[in-house]
Amino acid sequence: MYLTKKQYERPVIQRVNVGLMNKYGTRTEYEPVTHIDGNAVADLITAYGSPVFVLSEKTIRATFRDANRAFKTRYPKVQFAWSYKTNYISAVCNVFHQEGSWAEVVSGFEYQKAINNGVPGANIIFNGPDKSEAELIFAINNGSLIHIDHLDELYLIKEIEPQLQKRARVAIRVNMDTGVYPAWDRFGFNYEGGQAQDAINKIMLNTNMDLVGLHCHIGTFMLTPSAYAVAATKMSELALNVKKKFKKTLEYIDMGGGFASRNTLKGSYIQGADAAPSFDQYAEAISTAILNAGFTEADLPLLILETGRALIDEAGFLLGSVISNKRLADGRRATIMNFGVNILFTSFWYDHKITPAQPFGQHNESTVLYGPLCMNIDVIRENISLPPLKKNDQVVVHTVGAYNMTQWMQFIALRPAVVLIDMNQKPHVIRNKETPASIQKEEEMPAYLKEFKI
Ligand SMILES: *Cc1c(COP(=O)(O)O)cnc(C)c1O
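Calculation rules
Residues numbered from 1 in each chain as written. Predicted model: local features only at pLDDT ≥ 70, side-chain atom pairs only at ≥ 80, totals over all residues. Heavy atoms only, no water. Helix = DSSP H or I, 4+ residues; strand = E, 2+ residues; numbered from the N terminus. Contact = heavy atoms within 4.5 Å. Polar contact = N/O pair within 3.5 Å; in protein donor to acceptor, adjacent residues only side chain to side chain. Axes fitted to C-alpha atoms, helices over the stretch in contact; angles between N-to-C directions. Left-handed = near helix turned anticlockwise from the far one by under 90°. Nonpolar A, V, L, I, M, F, W, Y, C, P; charged D, E, K, R; others polar. 1 Å grid on protein atoms, 1.4 Å probe; cavity = no way out; pocket = protein on both sides within 12 Å on 5 of 7 lines; lining within 4 Å. Points joined across faces, edges and corners; volume = space filled by probe spheres on them.

Moving on: the environment of Gly108. As for its position among the elements, Gly108 is in helix α4 (residues 108-116). When the C-alpha atoms of Gly108 and Asn127 are compared, they prove to be 9.9 Å apart, with 19 residues separating the residues in sequence. Gly108 has contacts with Phe126 and Glu135, leaving out every residue within four places of it along the chain.

Next up, the structure:
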C-alpha cells in the first residue's frame, strides 16, 4: 500500500483579527466544488470557455415540483406562470412549460418570446405598465390575460374596441399595505385608498372588458410569509365584494412572485439558506388566508403564482477563473476574477457563495474579489474568506440562476455561453457566447464615416 502524497501548501503569515471565531478567522468553505451534476468544472470550462453560466435542469425541476407540491397539497386549484424576466432563455422557459407553467410577461418583447416558445395565448399573463396599443390588440385577440396597471391603460382598451375581435379578459393589479415597507405602490391600483374598487367599477360598466381576476405582486425577496397572508386576505375581500356588488364570480386570484431565494442579502447576519422561508411556509400563509376568507366552494378562485427567483436561483452557477492576485495599499488581499458585475448583476444585492473548484489547504484569508472591468464599482465580493487562489484557479459562484441572464450587459466584455445540464447529466449549449460580430450586427456605419487616415 502506498501513502498518497499530501498537496503542498505554502506557508502564510496572517494578522489575527480580534473578535473573529478563531485564530484562522472564519472559514466559509471547507470543500471544493469540483463537479456540477456529474460534469467536472474544469471540463465545462475547457468545452465552453471561462466564464460560463451553467444551469441544472435537475435542480430546476426538483425546485418547481417542491413549490407545486407545497401549494397543491394545501389548496385545490393552483397554477404557476413562469416569470419571463427572471430568466427568459427559451430552453429555461420550456423546462417550466413542460412542468405545466403558463407564461408571465411584462413587455411586448417577452410576450413575443412566449408565443415563439409555443405558449397558447390563453396561457399568457400580460403584466407591466408599458403595453402599446398594437401589443394590446394582439394580446387581446390572442385570448391572453391582460393585467391592467393604470387608468390610461383601461381607457386605451376601451378606445381600441373597434379593432378587437373579442372581449378583453382583464384583471387589475392591486397594491396594498402588507406590513412590509417600503410598500410597492407604484404599480397598479391602491387597495386602502379605494383606487382598486374604482377601477373595478369602471371595468364592470364596460362592455368590451370581462373582469376575470385580480392580481398583486407585493414585492421581491419577501422574507415574511405573513405579508402574503395579509395580501391574500385583502385580495379575497375585493373578490367577494365583486360577487356581492355585481353578482360576478372571479376566476382567479394571482398572488404574483416575490418569494425569497436561498441567497444571502448583503448586510444580513444569517446565511440565505437559513433565512429564506420554505415554499410550505408561503403556501400555508396564502392558502389559509383564501380558504378562510368566506368563498363558497363553487366560488373558490384559481390561485395563480408568478414565482420567479425562488424557482431558478439555486439551479444557476457561474464558473470562472482567477486572472491575478494583488495586495491593496492597506494590506488586504485582492483577487481579480474574469467575471464582473456586467454579467453578475445580482452581486449588487447578494453576498454570493463562491467556492474554489480545486482542492485547497487549511488556511484562508479575507479577500476582496474584483471583476475584470476597468471600473471601480466592479466588485464581486467586498469581503470573502477564501483560501489563497492563484492565477487560472477556477471557482464556482452559486445561486445565480435568477435575473443575471436577463440583466447582464455587454459592457466592456461580451456575454458568455449558457449551458444546461440535462436530467441525464449531458450538457447542452442553450445560448452561445457573444462574438464581436454578433454585437456589431446591429450597428450601421454611415458611408461618409467609413474611411479615415491617421
Ligand atoms: C418580477 C415579477 C415577478 C417575479 O418576481 P420574483 O421576485 O422573481 O418571484 C412576478 N410577477 C410580476 C408582475 C413581476 O414583475
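Below, the discussion takes up the environment of Ser321. Take Ser321: it is sitting in strand β13 (residues 316-327). Considering only alpha carbons, one finds Ser321 and Pro356, 35 residues apart in sequence, at a separation of 9.5 Å. Those residues in contact with Ser321, other than ones at most four positions away along the chain, are Ile45, Ser50, Ile336, Met337, Asn338, Asp393 and Gln394. Polar contacts involving the side chain of Ser321 include one to the side chain of Ser50, which spans 2.6 Å.

Axis separation between helix α5 (residues 133-141) and helix α6 (residues 151-159) bottoms out at 11 Å; the angle between their running directions is 65°. Considering only the axes of α5 and α6, their crossing is right-handed. Here α5 contributes Glu133, Leu136 and Ile140 to the contact with α6, which in turn contributes Glu153, Leu156 and Ile157. Partitioning the contact of α5 with α6 into residue classes produces 4 nonpolar, no polar and 2 charged.

Below, the discussion takes up empty space enclosed by the protein. Counted under the stated rule, the structure contains 2 cavities of 30 Å³ or more. Taken as a whole, the largest cavity encloses approximately 50 Å³ of empty space. Considering the residues around the largest cavity, the lining is formed by Arg173, Val174, Asn175, Met176, Trp184, Phe187, His217 and Ile218. Of the residues contributing to the lining of the largest cavity, the split by class is 5 nonpolar, 2 polar and 1 charged.

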